[in-house]
Amino acid sequence: MKADIKEFIANLERRTPGENEFHQAVEEVIESVWSYYEKHPRYQKAKILERMVEPERVIMFRVPWVDDRDDVQINRGYRIEFNSALGPYKGGLRFHASVTLSILKFLGFEQTFKNSLTTLPMGGGKGGSDFSPKGKTDGEIMRFCQSFMTELYRHIGPNTDVPAGDIGVGGREIGYLFGQYKRMKNEFTGVLTGKGLAWGGSLIRPEATGFGAVYFLEHMLKRIDKTIDGQIVSVSGFGNVAWGVITKINELGGKVVTISGPDGYIYDADGITGEKVDYLLELRATNNDIVEPYAEEFGAKFVEGKHPWEVPVDVAMPCATENEVTLEDAENLVKNGCKLLAEVSNMGCTTEAMEYLSENIDYAPGKAVNAGGVAVSGLEMSQNSMRINWPREEVDARLKGIMKDIHETCVEYGLSGSKVDYVKGANVGGFVKVAEAMLAQGVV
Ligand code: 2IT
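Residues numbered from 1 in each chain as written. Predicted model: local features only at pLDDT ≥ 70, side-chain atom pairs only at ≥ 80, totals over all residues. Heavy atoms only, no water.

Colleague: Tell me about helix H1 (residues 3–15), and name the residues and values.
Modeller: Given a rise of 1.5 Å per residue, 13 residues ought to cover 18 Å, and the 19 Å separating the end C-alpha atoms of H1 matches this to within 8%. Of all the residues in H1, the buried ones are Ile5, Phe8, Ile9 and Leu12. The arc that holds every buried residue of H1, seen down its axis, measures 90°, which confines them to one face. Exposed side of H1, more than 90 degrees from the buried face: Ala3, Lys6, Glu7 and Arg14 are the residues found there. Residues of H1 that are buried in the fold lie against helix H2 (20–38) and helix H4 (48–52). (Helix = DSSP H or I, 4+ residues; strand = E, 2+ residues; numbered from the N terminus. Expected span 1.5 Å × (residues − 1). Buried < 20%, exposed > 50% of the residue type's maximum accessible area, 1.4 Å probe, protein only. Arc of directions from axis to C-beta. Contact = heavy atoms within 4.5 Å.)

Colleague: Quick rundown of the site of the ligand? Include the residues and the values.
Modeller: In the neighbourhood of the ligand, 14 residues make up the surrounding shell, with Lys90, Lys114, Asp166, Arg205 and Ser377 lying closest. At 3.0 Å, a side-chain N or O of arginine 205 approaches an oxygen atom of the ligand. Between the ligand and the protein, one listed contact pairs an oxygen atom with a side-chain N or O atom of serine 377 at 2.5 Å. In the complex, 94% of the free accessible area of the ligand, which totals 300 Å², lies under the protein chains. Of all the elements in the fold, those that place two or more residues in the shell around the ligand are strand S3 (89–95), helix H5 (101–117), strand S5 (161–165) and helix H15 (371–386). When grouped by side-chain class, the residues that make up the shell around the ligand number two nonpolar, seven polar and five charged. (Near = heavy atom within 4 Å. Polar contact = N/O pair within 3.5 Å; in protein donor to acceptor, adjacent residues only side chain to side chain. Areas by Shrake-Rupley, 256 points an atom, 1.4 Å probe, with all protein chains shown as cover. Nonpolar A, V, L, I, M, F, W, Y, C, P; charged D, E, K, R; others polar.)

Colleague: An account of the environment of tyrosine 294 is needed here, citing residue identities and associated values.
Modeller: Summarising the element assignment, tyrosine 294 is placed in helix H11 (residues 292–298). Take tyrosine 294: its relative accessible area is 0%, and that puts it in the buried class. Spatially, the C-alpha atom of tyrosine 294 lies 40 Å from that of phenylalanine 82, the residues being 212 residues apart in sequence.

Colleague: Could you give an account of the side chain of asparagine 370, with specific residues and numbers?
Modeller: Its place among the elements puts asparagine 370 in the loop between helix H14 (366–369) and H15. Look past the residues within four positions of asparagine 370 in its chain and what remains in contact with it is Lys114, Thr209, Glu343, Val344, Ser345 and Asn346.

Colleague: Can you break down the nonpolar core residue by residue, with the values?
Modeller: In this structure, Phe216 and Met317 are the most contacted members of the largest nonpolar core, which totals 62 residues. Per element, the largest residue contribution to this core is nine residues, and it comes from helix H8 (residues 205–223). Phenylalanine 216 has contacts with Ala364, Ala368, Val369, Met403, Ile406, His407, Cys410 and Tyr422, leaving out every residue within four places of it along the chain. One finds Phe22, Trp34, Leu104 and Met438 within the second-largest nonpolar core, a separate group that totals 38 residues. (Core = buried A, V, L, I, M, F, W, Y, C linked by side-chain atoms within 4.5 Å.)

Colleague: Which residues make up empty space enclosed by the protein, and what are the values?
Modeller: As enumerated under the stated definition, the model contains one cavity of 30 Å³ or more in all. Size it by volume and the largest cavity reaches roughly 40 Å³. Forming the walls of the largest cavity are Met52, Phe82, Asn83, Phe109, Thr112, Phe113 and Val434. Of all the secondary-structure elements, those providing two or more residues to the lining of the largest cavity are strand S2 (72–83) and H5. Among the elements that line the lining of the largest cavity, the one with the most residues is H5, at three residues. (1 Å grid on protein atoms, 1.4 Å probe; cavity = no way out; pocket = protein on both sides within 12 Å on 5 of 7 lines; lining within 4 Å. Points joined across faces, edges and corners; volume = space filled by probe spheres on them.)

Colleague: Got a sec to walk through the side chain of serine 116? Specific residues and values, please.
Modeller: Here serine 116 lies in helix H5. Within the structure, the side chain of serine 116 is placed 2.8 Å from the backbone oxygen of glycine 430, a separation counted as a polar contact. Non-local contacts of serine 116, meaning those with residues more than four positions away in its chain, are made with Leu86, Gly429, Gly430, Lys433 and Val434.

Structure below.
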């Protein structure tokens, strides 16, 4: 690592002790953009990078609620308003026991560059709570969401900050959050995305992250003269994003052979198709957060306590959570003939795994691959502003166009020889627009 990058990171670590995931996300971007930054003294003079790693605002608050046994519960709520150079803060809410300030800062930081890549006018933000909806009743989830929004409502708005879902926040939670916002502000407005179709939601939003990732994969494969038809794919997770990826891969003739949960992974050599894909929705609705029942239902193999990256495949698509692919996993994938890893989870690979994969196969980072989710959120905002709903074909065509543009941006900034450095391409491509906007807007 270059001395001045080292110093930059050391400074960041001094100011944000213990925020390991945040440091990891910043380091990846800094390494990518540093040579570009050095070539542009006006960026340095304006301290663009130093400003970019400091969120514009961090909100932390108490979320008290009463569970079904009449016990008082206390969770912590957060909203990181990271960067508004390109538009209102935009990014999801994560409800999961593992949520910390560091995790939300890493996600908010990444979101800024991801949103920039989508070409839509959105700044970067992220929020959530250490509350996990898994194992809770509907009533408990509603009371939690209402308490959470009772504080959050004063900080957000359709022109200020527009949250959406992430892990643990789906249509049900968005509904409860929206209801409470509307009640408190007496305003029916596009303040959240991922809404139900009857009350301002967009077609394709639930599928967008997974579909967009597969559209991106198509462009990656095209560069090496391949198509999705016939590819064997491993997927992790079994939530909304994994479901979207599996549905689209099937449609395009590929075969997905794995899914996973916190309990282990499923290997289904025949492919996860037809009623098995519908079963994923059932599995999620049981609220247990385990995949093992799939094995009993369809006679597939369940491997306890392991990640699916030991299964030989052509393409790997992590769809669960950060740092879910370690160096050892990456080595296993490559050893077993994997040619391409398209990261769908945010920062799905550890730094070591990412470096190893970039050197050995085609690897693209989450902020490019999964940007279809927030892109369709951006399209939901447009539809809300115009008070119309676009048909399915219109949203899908726009999503396809955006994923193509993101891939082209990665190639533009990441091409080295005949290979594309997707990490550099995504980071520099995302950075340039934000940096230019910050310069134009002065020292704020
Ligand atoms: O990580 C992400 O991009 C999301 N969770 C979606 C954010 C959004 O505002 O739709």
